[in-house]
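Summary of the model geometry
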Amino acid sequence: MPDYKWPAMNKRKIMGTRVSRLDGPAKSSGRAKYPSDMNPQGLLQTAILVSPHAHAKIRSINTDAAKSMPGVAGIRTFVNAGAEVQWANAEIAIVAANTEEQARDAVRAIKVDYEVLPHMVREENLAKAGTRAKAAGEQITGDPDQALKDADVVLQSEYGIPVITHCCLEPHGQVSEWKGDAINFWPSTQAVSTVGNQLAQALSFDAAKIKVTCDYMGGGFGSKFPADSWGAEGARLSKDTGGRPVKVFLDRATELTIAGVRPSHFMKVKVGAKKDGTITAWQSDSWSTGGFAGGGMAPIPYVYANIPNRRMNHAAVSLNAGPQRAWRAPNHPQASFLTTSAITDLAAKLNMDPLDVFLKNANLTLREATYKSQLEKAAKMIDWKAKYHAPGEGKGTIRRGVGIGVATWGGAGHASKCKIVLHPDGSVEVELGSQDIGTGTRTCITMVAAETLGLPMSAIRVKIGTNSYPASGPSGGSTTIGGVSSSTRKAAVNALEKLFEKVAPSLGVPADQLEAVDSRIQVKGNPNKAMSWKQAAQKMGPQSIEEMGENVPAQAPREGLNTLGASGVQMAEVEVDTETGRVRMRKLVAVQDCGLVVNPKTAESQVYGACIMSICSALFEERVMDAVTGRVLNPDMEFYKLAGLPDIGEIEVQMDITPEHDARGIIGLGEPCAIGGGAAIANAIHNALGVRVPLAPATPEKVLNAIGNRRYA
Amino acid sequence: MSSQNDSTKDNLTKSAFSRRSWLRGAGIGTGVVGAGVLEQEADAQQAKVMSGEVEISLNLNGRPRSVKVEPRTTLLDALRNRLDTTGAKRVCDRGTCGACTVIVGGKAVYGCTMLAVDAVGKNIQTIEGLAPEGQLHPVSQAFVNNDAQQCGYCTPGFVMASKALLDRNPNPTVEQVEKGMAGNICRCGTYVGVRKAVLEAAKMRGGSNA
Ligand code: FES
Ligand code: FES
């Protein structure tokens, strides 16, 4: 079997260097065409009619008047009379017309008769959930009752984190064209190789005849895997109109209400410890919602999972609200927030520095040495020793504080196939049915191919973004970089072997004595017995060399190209104005172990981005439901707040790039870094104020409430 | 930075009737319509109602382009839907995110909050007009160098906002960059790169308006 192993760290010429993303110029010049930018000839625009009610039965839908409106080319309904809608903004009907303005006018002419039914849209008070809460079973380890009785100190507390949305800047949607027996589908997707199969299923159509194309996409974060109802109806509208291309993209309000949310998570908890800070017991009662289907229990206690005595109960609360979708590191940010809040508050009760408590109990994690060293590194970066003070200690209106968050993630490579073609003219093509969701995938594939073939990156043409290429997995779970790098490596090694066979006779050595370096094929270690890549390629004759490479997740651990298991620690320093309740970020530091890093430049961007997303959810983001109308109150970007450039403070990222980590192979990185930041910020606020803001996000209102409770407690 | 700067009294009267239908078209309930708009509504009662498409000429990236729009069609929708000029993106469609930033009459404006008919007679610069295809404007180049983009959907808006900022203030401080870019939102979290990119672009342009 050929040797696929990564070249030694100190021998790499391209991998590991800081490369600017290859599609950067297309993006920053506005020339990159996203699916929502496509305007093919004869395009029809659409508007979607959504339900104004959170729970209702549809008595009838009348589209007659809409049909005769100017410019209208087709109308379809998503549901029929008799159906129930279970959340506001659920899709009811869609109009295709020559212009968007006409489609919107026609949507207003559709008459729907609803029988309005009772709804429930808020879950923060479990006692009010009644039959909408379903117990998810109890998990017990050890003897939590006895351990809590025996504990020197027991912390009892409550925390909660609300539903937030993905808020992808490019909304969900696609352009589709159903002509004859073939469909062209241009979705904004994280899954070019699987989304077509889903569409085929929805349409009872031959998957082989659906061509999916997505060169660029404007953000997904876990919400853009499915073909979606509007994908199916968009395609049907195209068929209905004789194959005219049809564009469907959700408007912002619909995007923020039905295209995916991150579940909430609330928890009442007791944590027991010895006087010296050793954690002995955990008992939590938690609940969450991800919409009508309820919400599962986050992995609590998080990272510090092996508390010897623990009992966890969870209830899934079903709401009449838009459904959850995977959200960057599903359930982990919530788990980190809940768990580290409890540990930080326990430390306060013990009169201990929380850093000491996190260090002392590191044996409760799966990677004790790693977490210890990361905690120490992060503490140095934030200058914990100088900045930590007893909670609430300090004077004046403006208070500062520091806090800790932790993270863990898998991140092994997904199934991926890659085809590499070496042409007799010396050119190289690399094809994968993968996608670049903004992570730099295109660039990393090019780097791996160039490194392996001993060529400059400019000699490699990487083609991704359609299902016509060999299938590669969806971009979820931080599995893309491991998957595509491994399949590309293997395809390139396989192709080189074939090339060596053709070249070996001319160089007078067996094929296995050859190597590819600096655009040459040479006898190993001997640049004098060599020929240029161009000359070597000519030895192929007229036939190109085509080779495949495949990453098979079950075999990957044996091959060592990629693996799983990333740990991370983040620490925050904040400044809280106790008069206005405003929290400002001073600094956020992230220590992230990451295995072999293909491109440190884009990898760092992932971590910076994740830190900023953490700031968003810690301080700003919350989907607000109106109990009376059952609607989302802030389905826009003015009141659904995200951080802006002035809100982020200083961010320092420390990638643990070391020979020891490198030897583990590639580990996905997009998600582990998006977990601990929010927790660190919440705990820093506690340190600043000496009082817990129990519900995220720490808006001025919530901060002032927390301060007020303390005063009058 | 805001298109509101452009909403002079003159503009308001001219576009009163069209703005009203824009509001309706955009689905904004009267409950959130401010007093200023109600005045416009009153104006609108007296104005002749114009509907359907009219042909206008826009001065786009130095070239006159004729385009049919409805009175309610925003500049952004005219660019994206009717002129296939898709660098500016439609994200919030309500003047909060900056993804649709274009430069009109030398000022950065949100294309989603300006009507196409109000842009007649003004110089409209979109990101496509910054540099010929295949070349990069120094600001775009700085965004590449500093990896100030991930998915890239917000990037054209950031580049245009930076360009307008640097035209106005060729040597901004970090604080001025933060304030100047505060009207743009990025979901992927590229702000660290953006901050560096704008400062680098200022240096590359040698502090003079390029
Ligand atoms: S789309 Fe215009 S500001 Fe958001
Ligand atoms: S790069 Fe994705 S939104 Fe800014």
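Quick summary incoming for the structure in this document. (Residues numbered from 1 in each chain as written. Chains lettered and ligands numbered in written order. Predicted model: local features only at pLDDT ≥ 70, side-chain atom pairs only at ≥ 80, totals over all residues. Heavy atoms only, no water.)

This part is about the environment of Ala 293 of chain A. With respect to the secondary-structure elements, Ala 293 of chain A resides in the loop between β16 (279-288) and β17 (309-317). Considered as a pair, Ala 293 of chain A and Leu 319 of chain A are 26 residues apart in the sequence and their alpha carbons are 7.7 Å apart. (Helix = DSSP H or I, 4+ residues; strand = E, 2+ residues; numbered from the N terminus.)

A word on the pairing of strand β18 (residues 398-409) of chain A. Residue and element names in this part refer to chain A. Of all the 12 residues making up β18, 9 are buried; the element is thus mostly covered by neighbouring parts of the structure. Note: β18 against strand β26 (residues 566-577), 12 bridges, orientation antiparallel. Directly across from Gly 403, in β26, lies its bridge partner Ala 572. (Buried < 20%, exposed > 50% of the residue type's maximum accessible area, 1.4 Å probe, protein only. Pairing = 2+ DSSP bridges.)

Attention shifts here to the side chain of Ser 157 of chain A. Residue and element names in this part refer to chain A. With respect to the helices and strands, the residue Ser 157 is situated in strand β8 (residues 153-161). In this structure the side chain of Ser 157 is engaged in a polar contact, spanning 3.1 Å, whose partner is the side chain of Tyr 159. Not counting the four nearest positions on each side in its chain, Ser 157 is found in contact with Met 267, Lys 268, Val 269 and Asp 345. (Polar contact = N/O pair within 3.5 Å; in protein donor to acceptor, adjacent residues only side chain to side chain. Contact = heavy atoms within 4.5 Å.)

A word on helix α3 (residues 100-108) of chain A. Each turn of an α-helix holds 3.6 residues, which means side chains three or four residues apart point in the same direction. Along α3 of chain A, the positions that sit buried rather than exposed are Glu 100, Glu 101, Gln 102, Ala 103, Ala 106 and Val 107 of chain A. Residues of α3 of chain A that are buried in the fold lie against β1 (44-50), α2 (64-67), β3 (72-77) and β5 (91-97) of chain A together with α4 (75-82) of chain B.

Right, let's talk about helix α6 (residues 229-240) of chain A for a bit. Residues and elements named next belong to chain A. In this model, α6 (12 residues) spans 16 Å end to end at C-alpha, consistent with the 16 Å of a helix rising 1.5 Å per residue. Among all positions in α6, only Trp 230, Gly 231, Ala 232, Glu 233, Gly 234, Ala 235, Leu 237 and Ser 238 are buried. At the exit of α6 stands Gly 242, carrying a positive phi of roughly 75°. (Expected span 1.5 Å × (residues − 1).)

Residues and elements named next belong to chain B. Sheet architecture is open: 5 strands sit in the order β2-β1-β5-β3-β4, paired in mixed fashion. In this open sheet, the two edge strands, each paired with only one partner strand, are β2 (63-69) and β4 (107-110). Direction aside, the axes of adjacent strands within the sheet are offset by 45° on average. Of the strand pairs in this sheet, strand β3 (residues 101-104) and strand β5 (residues 123-125) are connected by 2 bridges, and their pairing is antiparallel. Note on β5: the bridge partner recorded for Ile 103 is Gln 125. Sheet contacts for α4: β1 (54-60), β2, β3 and β5; angle to β2, the most-contacted strand, approximately 95°. Where helix α6 (residues 155-168) meets the sheet, it contacts β3, β4 and β5, and its direction lies at approximately 35° from that of β3. (Axes fitted to C-alpha atoms, helices over the stretch in contact; angles between N-to-C directions.)

Another point: the interface of chain A and chain B. The partner chain B presents 53 residues to the 58 residues of chain A that form the contact. In this assembly, chain A packs against chain B so that about 4,600 Å² is buried in total across both faces, 51% of it on carbon and sulfur atoms. The three residues of chain A that bury the most area against chain B are Arg 31, Leu 169 and Leu 645 of chain A, which together make up 17% of that side's buried surface. Counting across the chain A and chain B interface gives 10 salt bridges. Note that Glu 133 of chain B is salt-bridged to Arg 31 of chain A, the shortest N-O span being 3.8 Å. Viewed at the interface, chain B and chain A are joined by 33 residue pairs in polar contact (both at pLDDT 80 or more). Going through the elements one at a time, α1 (24-28), α3 and α16 (600-619) of chain A are the ones with two or more residues in the side of chain A that touches chain B. When residues of the side of chain A that touches chain B are assigned to their parent elements, the largest contribution, 9 residues, is made by α16 of chain A. For the side of chain A that touches chain B, a count of residues per class yields 22 nonpolar, 21 polar and 15 charged. (Buried area = accessible area lost by both parts, 1.4 Å probe. Salt bridge = Lys/Arg side-chain N within 4 Å of Asp/Glu carboxyl O. Nonpolar A, V, L, I, M, F, W, Y, C, P; charged D, E, K, R; others polar.)

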